[in-house]
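Residues per chain, in single letters:
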Amino acid sequence: MFSADQNCWFVRKVICWRAAASIAWAVLLLPPTTAVFVILSKFSLLFPIQTLSECLSVMTSASGILSFVLLCSVTTMVGFLIFVYYTVIPTVACSKIALLGHLLHPRHVANSLLHCFMGIMVAWWAAVTIGGRYEMHTYPCGVEDAPPQMCLNEYHLILLLAGAFVGFSHNLFGVVHNMNYVFFPTVQQYKYLRFKESLPLVVKCSAAQALYSIRNYILVYFFLGYIPREWICKMFNLHLNSSTHRLDTISGLLDLTLLYHLWTSATFLLFTWYMALLLFRIFITEDYSFPIQSSFTEDVHQCLPRVLSDPKPGILKFLALQDLALFSQHSPWRRGEVFSLSQPGGHPHNWNAISKECQSLLADLTQRLIAYHDSVATNGRAKSLSSGSGELKSTSDSSSEDQKSPMARNVPIQSPDCVFGSTQPRHLTAPFTPPYQDSYFSSPNLRRLATSVYQGSPWHGTVQSPHIMRRAPKLWSTPTDSQSSGSPLLSAAPLLSPKQVADQPGLLAQFLHNRKEQVKSFLSKRVLIAYLFNKLPEASSEALFAGSQAHIWALEGLSYLVQASFSEDHFGVVQTALPSILSTMLLLQEAVDRHFKLPHASTKPMRTAGGMGEPAYKTLRFALRAALKTAIYRITTTFGDHLNAVHMSAEHRKRLQLFLHYKE
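Conventions and cut-offs
- Residues numbered from 1 in each chain as written.
- Predicted model: local features only at pLDDT ≥ 70, side-chain atom pairs only at ≥ 80, totals over all residues.
- Heavy atoms only, no water.
- Core = buried A, V, L, I, M, F, W, Y, C linked by side-chain atoms within 4.5 Å.
- Buried < 20%, exposed > 50% of the residue type's maximum accessible area, 1.4 Å probe, protein only.
- Helix = DSSP H or I, 4+ residues; strand = E, 2+ residues; numbered from the N terminus.
- Contact = heavy atoms within 4.5 Å.
- Phe/Tyr/Trp six-rings, centres within 6.5 Å; stacked < 30°, edge-to-face > 60°.
- Lys NZ or Arg CZ within 6 Å of the ring centre and 35° of its normal.
- 1 Å grid on protein atoms, 1.4 Å probe; cavity = no way out; pocket = protein on both sides within 12 Å on 5 of 7 lines; lining within 4 Å.
- Points joined across faces, edges and corners; volume = space filled by probe spheres on them.
- Nonpolar A, V, L, I, M, F, W, Y, C, P; charged D, E, K, R; others polar.
- pLDDT = per-residue confidence, 0-100.
- Axes fitted to C-alpha atoms, helices over the stretch in contact; angles between N-to-C directions.
- Parallel < 35°, antiparallel > 145°, perpendicular 65-115°, else oblique.
- Salt bridge = Lys/Arg side-chain N within 4 Å of Asp/Glu carboxyl O.
- Patch = residues over 30% accessible without salt bridge, like charges linked within 9 Å, V, L, I, M, F, W, Y side chains within 5 Å.
- Areas by Shrake-Rupley, 256 points an atom, 1.4 Å probe, with all protein chains shown as cover.
- Polar contact = N/O pair within 3.5 Å; in protein donor to acceptor, adjacent residues only side chain to side chain.
- Disulfide = S-S within 2.5 Å.

## Observations regarding the nonpolar core
In terms of nonpolar packing, the biggest core is built from 142 residues, with Ile-15, Phe-290, Leu-304, Trp-351 and Met-585 touching the most fellow members. The element best represented in this core is helix α11 (residues 256-284), accounting for 17 residues. Residues in contact with Trp-351, not counting those within four places in the same chain, are Val-338, Leu-558, Leu-561, Val-562, Val-573, Val-574, Ala-577 and Ile-581.

## Here's the deal with unusual backbone geometry
Even without glycine at this site, Asn-237 takes up a positive phi of about 55°. Mapped onto the fold, Asn-237 is located in the loop between α9 (226-236) and α10 (250-253). Residue classification places Asn-237 among the exposed residues on the basis of a relative accessible area of 61%. The phi dihedral of Tyr-662 falls on the positive side, at around 55°, and the residue is not glycine. Mapped onto the fold, Tyr-662 is located in the segment after α28 (650-660).

## Some points on helix α14 (residues 332-339)
Three or more residues of α14 are buried, namely Arg-334, Arg-335, Glu-337, Val-338 and Phe-339. In this structure, the buried side of α14 is in contact with α13 (314-330), α15 (349-378) and α25 (548-568).

## Thoughts on the packing of aromatic side chains
Scanning the entire structure with this criterion turns up 23 aromatic pairs. With a centroid separation of 5.3 Å and an interplanar angle of 65°, the aromatic rings of Tyr-86 and Phe-280 are classed as edge-to-face. Of the two residues, Tyr-86 sits in the loop between α4 (62-85) and α5 (96-103) while Phe-280 sits in helix α11, which places them 194 residues apart along the sequence. Of the residues examined, Tyr-86 reaches a relative accessible area of 7% and is grouped as buried. Phe-280 sits in the buried class, given a relative accessible area of 2%. Judged by centre distance (5.8 Å) and plane angle (5°), the ring pair of Tyr-633 and Tyr-662 falls under stacked. Taken as a pair, Tyr-633 in helix α27 (residues 620-639) and Tyr-662 in the segment after α28 lie far apart in primary sequence, 29 residues in all. Three or more aromatic residues link up through ring pairs in this structure, and these residues are Trp-9, Phe-10, Tyr-288 and Phe-290. Of note, Arg-625 hangs over the ring of Phe-596, and the distance from its end group to the ring centre comes to 4.2 Å. Here the guanidinium or amino end of Arg-634 rests over the ring plane of Tyr-560, the centre of that ring lying 3.9 Å away.

## A word on empty space enclosed by the protein
Space left empty within the atom packing is revealed by a probe, the size of a water molecule, rolled over the atoms. Inspection of the entire model under this criterion finds six cavities of 30 Å³ or more. Considered as a void within the structure, the second largest cavity measures approximately 70 Å³ in volume. As for the second largest cavity, its lining consists of Val-122, Ala-123, Leu-159, Ala-162, Gly-163, Val-166, Ile-214, Leu-262, Ser-265, Ala-266 and Leu-269. Mapped by element, the contributors of at least two residues to the lining of the second largest cavity are α6 (106-130), α7 (154-176) and α11. Considered class by class, the residues forming the lining of the second largest cavity number nine nonpolar, two polar and no charged.

## Here we look at the confidence of the model for the protein chain
Residues at a pLDDT of 70 or more form 78% of the protein chain, whose mean pLDDT is 81. Taking the mean pLDDT of every element in the protein chain, the minimum, 39, falls on helix α18 (residues 444-451) and the maximum, 96, on α11. In the predicted structure, residues 1-7 sits below a pLDDT of 50 and forms 17 contacts with residues beyond four places in sequence or in another chain. Note that pLDDT drops below 50 for residues 422-495; the model gives that stretch 94 contacts with residues more than four away or on any other chain.

## Quick look at the packing of α25 against α27
Where α25 meets α27, the closest approach of the two axes is 9 Å, and the angle between their N-to-C directions is 10°. The angle between the axes of α25 and α27 places the two elements in the roughly parallel class. Residue-level contacts link Ser-548, Gln-549, His-551, Ile-552, Leu-555, Glu-556, Ser-559, Tyr-560, Val-562, Gln-563, Ser-565 and Phe-566 of α25 to Leu-620, Ala-623, Leu-624, Ala-627, Leu-628, Ala-631, Arg-634, Ile-635, Thr-638 and Phe-639 of α27.

## Describing the pattern of salt bridges
The full count for this structure, using the stated rule, is ten salt bridges. The shortest N-O distance in the salt bridge between Arg-229 and Glu-154 comes to 3.1 Å. In this pair, Arg-229 is assigned in helix α9 and Glu-154 in helix α7, connecting sequence segments 75 residues apart. Judged on exposure class, the residue Arg-229 and its partner Glu-154 are both buried. Here Glu-538 ties to Arg-621 by a salt bridge, and the two come within 2.5 Å at their closest N and O atoms. In this pair, Glu-538 is assigned in the loop between α23 (527-533) and α24 (539-544) and Arg-621 in helix α27, connecting sequence segments 83 residues apart.

## A few points about a nonpolar patch on the surface
Together, Val-220, Phe-222, Phe-223, Leu-224, Tyr-226, Ile-227, Ile-250 and Leu-254 make up an exposed nonpolar region whose accessible area comes to about 780 Å². Mapped onto the nonpolar patch, the elements with two or more residues apiece are α8 (191-224) and α9. With four residues, α8 is the largest single contributor of residues to the nonpolar patch. Along the chain, Leu-254 falls in the loop between α10 and α11.

## Concerning the side chain of Asn-153
Here Asn-153 lies in the loop between β2 (149-152) and α7. With a relative accessible area of 9%, Asn-153 lands in the buried category. There is a polar contact of 2.5 Å between the side chain of Asn-153 and the backbone oxygen of Met-136. For Asn-153, the residues in contact, after removing those within four places along its chain, are Arg-133, Tyr-134, Met-136, His-137, Thr-138 and Tyr-139.

## Focus on the state of the cysteines
The full count for this structure, using the stated rule, is one disulfide. The disulfide partner of Cys-141 is Cys-151, and the gap between their sulfur atoms is 1.5 Å. Handedness here is read from the sign of the S-S torsion; for Cys-141 and Cys-151, about 65°, the answer is right-handed. Remark: Cys-151 occurs in strand β2 and Cys-141 occurs in strand β1 (residues 138-141); sequence separation between them is ten residues. Residue classification places Cys-141 among the buried residues on the basis of a relative accessible area of 14%. Among the residues examined, Cys-151 registers a relative accessible area of 1% and is labelled buried.

Structure below.
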């Protein structure tokens, strides 16, 4: 899961111990949780004192202690799986077929089977704890004057299968709703306060999801319950008691006591697993203070400037940016270390490293937003012919310069392939499609054919008619079309050099490409195929901003440091980087504004009912927009008219004036 480089010191010394502490607390909270479950499963209004004595005897018996040890091992295994599969950047599926492929991944399939097995173990513990008709899986039965036979206890079986079904549903729900996504709280609190605040939510979500899971399980067992029952009877040579009702019937499933025990068992299972997830999130997102600088060379890789420059593991970079946002606002002493100069030499290495990484992070997001906007704007169509090949050349040159720029260095936060992917059929990728470079207009020879137009034709020169401009580029013409339009037949052969002719695709390649396009067009007209391949609403936008929590902290850290430098920076180290910081923020603000003006982008966050599968990443783009505007205002209100002396472009200065006059 983690790379074996020097950053593993953080995983080994911090993350592993935090995960172990969360698992230990989840195990320590099992006794009171178990006591509540035993009381609820055996409670009787007529005999309350007898119920309490039975609960105490069950929990202190030898079988109860052994089964509790099994329950502790299951909880430990759940905590370990959470630690293995957690992530700080969620996986957003942009279509139904992508989500289906994510669910059928071998890792998730194996994880589902493991959760089914752990659900059976918890259900077996619940059956032993409840006792009565659920305790044993077989019982002796038979007719008088006949040898005794062993019959299957269907009540025990239905409880075990319920545990497997709830475990599978829990894993499926977790994959769909990114339950392994660890989001950081907006307001920092102590661990006890966060646990106390989230405990009612865990109880509510466990009870509600258990109710839905048992409802679905009852329907499945009603239609398919005979399959595992007959298979178990055949495998273990068991019999069915003809004097008892089958549970896969309406009368058998309408047993209120059975339904109550199924629901309480499922609620207990989900509560213990959600508790382990909650404790892991609380411990893993606790803030960590990184040293700004160190006097020992062997500890340099643990300092904040070096940690920010290392992309993996992701939790390390996120905690480093969180620490930057916190100390830049609340710690004048640590801010002084950032503004300090190196001795000897007098260079602001700390400030240069921190500001460079933050600006690189923001510039990377800006470039991805621009690329996303261009892909939506082109919508799979070729650009206007009036631009010619010069525009294409300038675009490629600028993109190559952006790739060579130090501001566009490799950053671990990447957009999913579904945002800019082009492997899907063009008709199946609504609301937008990949740019025209992936179509057969991408061939340089055909683009030359499209731009090298006969001088006497109406396409030559600057065309003012909007009707002509709307026409698609016509790459091939027939003699009939040429004669009817009155223009001579265009011949592309004299315009092509021998090297260009050699570079043209062969007939077989064109034939295969045409057949592929025909298959895509045919499949796009099928309703089921279109349903699977069509993009989910706002999925691409959510995937684009999935890791924006890091950008929010970078904005807050930079803006607070710049604000504090007005009175604390005695050497003026921040002033040299102020133009580039403002330009980076203004470029990002322009890209974010363009993104929210797209037709399919919502301008307000959706209302979500709180839950353990809370889609916190769905509102990150709105939080980023607010944090970006706040960061710019934080700088402009501090420096005021002094920013007029900062060197920047005319467009950026015009936009900055809106912030200075509070008109943005």
